[in-house]
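Structure assessment
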Protein chains: 4
Amino acid sequence: MNKTRLEAFSDGVLAIIITIMVLEIKVPHGNELSNLKPLIPIFLSYLLSFIYLGIYWNNHHHMMHTLKNINGGILWANLHLLFWLSLIPFATAWNGENHFAPTTMMIYGVVLFMNGIAYFILQNLIIKSQGDNSLLKKAIGKDYKGKSSPILYLIAIIFANSIPIIAGIIYIFVALMWLVPDKRIERIINHQ
Amino acid sequence: MNKTRLEAFSDGVLAIIITIMVLEIKVPHGNELSNLKPLIPIFLSYLLSFIYLGIYWNNHHHMMHTLKNINGGILWANLHLLFWLSLIPFATAWNGENHFAPTTMMIYGVVLFMNGIAYFILQNLIIKSQGDNSLLKKAIGKDYKGKSSPILYLIAIIFANSIPIIAGIIYIFVALMWLVPDKRIERIINHQ
Amino acid sequence: MNKTRLEAFSDGVLAIIITIMVLEIKVPHGNELSNLKPLIPIFLSYLLSFIYLGIYWNNHHHMMHTLKNINGGILWANLHLLFWLSLIPFATAWNGENHFAPTTMMIYGVVLFMNGIAYFILQNLIIKSQGDNSLLKKAIGKDYKGKSSPILYLIAIIFANSIPIIAGIIYIFVALMWLVPDKRIERIINHQ
Amino acid sequence: MNKTRLEAFSDGVLAIIITIMVLEIKVPHGNELSNLKPLIPIFLSYLLSFIYLGIYWNNHHHMMHTLKNINGGILWANLHLLFWLSLIPFATAWNGENHFAPTTMMIYGVVLFMNGIAYFILQNLIIKSQGDNSLLKKAIGKDYKGKSSPILYLIAIIFANSIPIIAGIIYIFVALMWLVPDKRIERIINHQ
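Predicted model, so just to flag it, every value in this text is computed and none were measured. (Residues numbered from 1 in each chain as written. Chains lettered and ligands numbered in written order. Predicted model: local features only at pLDDT ≥ 70, side-chain atom pairs only at ≥ 80, totals over all residues. Heavy atoms only, no water.)

Moving on: the relation of the copies chain B and chain A. At an RMSD of 0.0 Å, chain B and chain A line up after a rotation of 90° and a shift of 0.0 Å along the axis. A rotation of that kind, with that shift, is consistent with a four-fold axis. Residue Gly12 of chain B of chain B places its C-alpha closer to the rotation axis than any other residue of that unit, at 4.5 Å. Interface residue correspondence from chain B to chain A reaches only 3%, placing this contact among heterologous pairings that use different surfaces. (Least-squares fit on C-alpha atoms with pLDDT ≥ 70 in both. Contact = heavy atoms within 4.5 Å.)

This paragraph deals with the interface of chain B and chain C. Contact with chain B, which involves 29 residues of that partner, is made by 37 residues of chain C. Taken together, both faces of the contact between chain B and chain C bury some 2900 Å²; the carbon and sulfur share is 77%. When the buried surface of chain B facing chain C is broken down by residue, Arg5, Phe9 and Trp76 of chain B rank first, second and third, together holding 28% of it. On inspection of chain B and its partner chain C, the count reaches two salt bridges. A salt bridge links Asp11 of chain C to Arg5 of chain B, with the shortest nitrogen-to-oxygen separation between them at 2.6 Å. (Buried area = accessible area lost by both parts, 1.4 Å probe. Salt bridge = Lys/Arg side-chain N within 4 Å of Asp/Glu carboxyl O.)

We now examine the confidence of the model for chain A. For chain A, per-residue confidence averages 90 on the pLDDT scale, and residues scoring 70 or more make up 93% of the total. Interface confidence in the predicted complex, given as ipTM, is 0.90; pTM for the same model is 0.91. (pLDDT = per-residue confidence, 0-100.)

Bringing the interface of chain B and chain A into the picture now. Each partner contributes to the interface: chain B provides 37 residues, whereas chain A provides 29 residues. Of the roughly 2900 Å² buried between chain B and chain A on both sides combined, carbon and sulfur atoms contribute 77%. The tally of links between chain B and chain A comes to two salt bridges. At the junction of chain B and chain A, the tally comes to nine residue pairs in polar contact (both at pLDDT 80 or more). Counting residues per element, the ones that place at least two in the side of chain B that touches chain A are α1 (3–20) and α2 (40–65) of chain B. Residue classes in the side of chain B that touches chain A are distributed as 22 nonpolar, eleven polar and four charged. (Polar contact = N/O pair within 3.5 Å; in protein donor to acceptor, adjacent residues only side chain to side chain. Helix = DSSP H or I, 4+ residues; strand = E, 2+ residues; numbered from the N terminus. Nonpolar A, V, L, I, M, F, W, Y, C, P; charged D, E, K, R; others polar.)

With that settled, the discussion passes to the pattern of salt bridges. One pass over the structure, following the stated rule, counts twelve salt bridges over all chains. Via salt bridges that share partners, Arg5 of chain A together with Glu7 and Asp11 of chain B belong to a single interconnected network.

Roughly 1400 Å³ of volume is contained in the largest pocket. Lining the largest pocket are 35 residues, with Lys26 of chain A, Lys26 of chain B, Leu23 and Lys26 of chain C together with Lys26 of chain D positioned closest to its centre. In terms of residue count, helix α4 (residues 88–97) of chain C provides more of the lining of the largest pocket than any other element does, three residues in total. For the lining of the largest pocket, a count of residues per class yields 17 nonpolar, six polar and twelve charged. Volume-wise, the second largest pocket comes out at about 1200 Å³. Contributing to the lining of the second largest pocket are 43 residues, with Thr4 and Ala8 of chain A, Ala8 of chain B, Ala8 of chain C together with Ala8 of chain D lying nearest its centre. With ten residues, the top contributor of residues to the lining of the second largest pocket is α1 of chain B. (1 Å grid on protein atoms, 1.4 Å probe; cavity = no way out; pocket = protein on both sides within 12 Å on 5 of 7 lines; lining within 4 Å. Points joined across faces, edges and corners; volume = space filled by probe spheres on them.)

Before going further, it helps to spend a moment on the relation of the copies chain B and chain C. Mapping chain B onto chain C calls for a rotation angle of 90° and an axial translation of 0.0 Å; the resulting RMSD is 0.0 Å. Interface overlap between copies is the fraction of interface residues in one copy that are interface residues in the other; for chain B against chain C it is only 3%, indicating separate surfaces.

Along the chain, the position of Lys145 of chain B falls in helix α7 (residues 144–160). A polar contact of 3.2 Å, which involves the side chain of Lys145 of chain B, links it to the backbone oxygen of Met177 of chain B.

And the structure:
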């Protein structure tokens, strides 16, 4: 099984997901600056999801870098991740159009949570396939980020209905936490 | 004729097909959880088609792996397959929006059937091009899955109008049957 | 300038163009077979354009195969071709939705004509860049197909308003004429 | 970090951006030539943005050609550029649908300006990463085009509200200025 084609397909899907989100920023009817005002939350929602998808693309790339052999499990775990990523544009648009309402904030968190879980499953399958000297296992180390993200999303989901601003802060915080590319993997690879 | 570009183009089309399906999950107007309820059949329909397209991508990849020389027939048989695959988003959305109504279940089956036939034609042309020692021919063996799928789709189409639930069960069953990647091809290739 | 990236970008754009056309086959409101009836001309229009785009992808691939060095002229001639190709979904949808009305048949022909011209320009720039022993020049020979297509489109455009059926026959005829991959290029390449 | 995948992902996003713009040219309801008339400004707006995206793709390609090592900064500067490029379809459609009204002309300029800045940041990070003998630094020389473009966009933004035609002339002028591929980089590379 060819890694290149798995990467190419994943890149294609990610490129499309990140770009079709922008179709949700519908062209307003008037031609005044004030017509853009209702688009501000939609724009902010797009911006955050763009960053999240950028993070996933980046980390996916690093993870795949450590991979040599692909098996059916990895292939479907990857498709499973792409499935949840493909729901981000929906969650983004619903959240933005409703000005970060409690329920839409919660669903946004649910989609992020499912993506975190899907990423975790894929990561574990790759580690398992690499055996005892797994390069990826060394690279992620204790995997603080990977383990804390789903927990943080869960907290956000719980708070979304009562104090949606907390959910918002968590989503931004997790994004910032990941924004730095995973130097651990780079370091380990360079030392090989 | 370069196999790489045929694969890249097919991957691109498949990535777009699998992703634009999600555009049919239209953002609801309200911002309550209850607003998501009408989307459940659309979501389930999307999920099933996502799996089908994942299967096609996966099997297409395995099949192409055995291929060395491309001729005009293979090229157009591949485009023919992409054509029917491109109709899956339409059949998926129509089926989901109508809560798996008899006619839409039937048309969904017709599109799956045509895809099965198109895949079968492509497979046969590749086998033919590989001559007596066709790697693909060895790999698929008796091709129970490939031969039974169109028959199962036909049964589903026949039952869709009277007992649509049978059609639904068949579509899920065929997907599960294929979900396991085609180990036969992997095995044969590894023994080369 | 790297040929691979020019091919990859062209493939990407072509894959998207061929796939977004299907978005114009809008899901009907009812769930009866009769609801599909108004979609028949849209479907036929999609089918024809799918074939045309398949032909362009195929011939583009063959043409690029003969290419070694890319210059700015070739790059922009290629983008120029992609521009006109990108208008095919519009012309296709307008034509299909209006059941092949005279004006929409004419505009469909105009877009095909412009694509033919853009292809011709790109081909000539490549030949020019290859000097006296141009592989592509040998391959296309007298280029009967390339030269007759724009003329046939012009005839179709002229007749579209009075006898639209003639335009339709011409569009189908030209597609069939090209459907056979350009064996000339393959032959010449194989003899190198 | 693999340059190939960064290029492939950027190409994918650019191919999608350039193609989804065409979705804004909505199929008119009538089937007369006169029904196309309201589409003329939308078409012209599409044409200009197509050229701009072609320029970005072209220059991005040349810039990446000089690149060897990718770091996190370059990766995110590239995503930052893709983010602003992804807003071009929105600005294009809004501008075209409003027949180049003052405000929409201004916003179009703002998006172009942000793209110019994002490109500038990316370019500087690449130069910085290449050290004292930066190939890209030599290639761009004094970078007259790169430095004057944002200034010209600013002038266009200022004039858009009072005399929108000046903004329009500037957008066309900048596009023409860049239309010639960056021979400087080609020259320097060839002399290596």
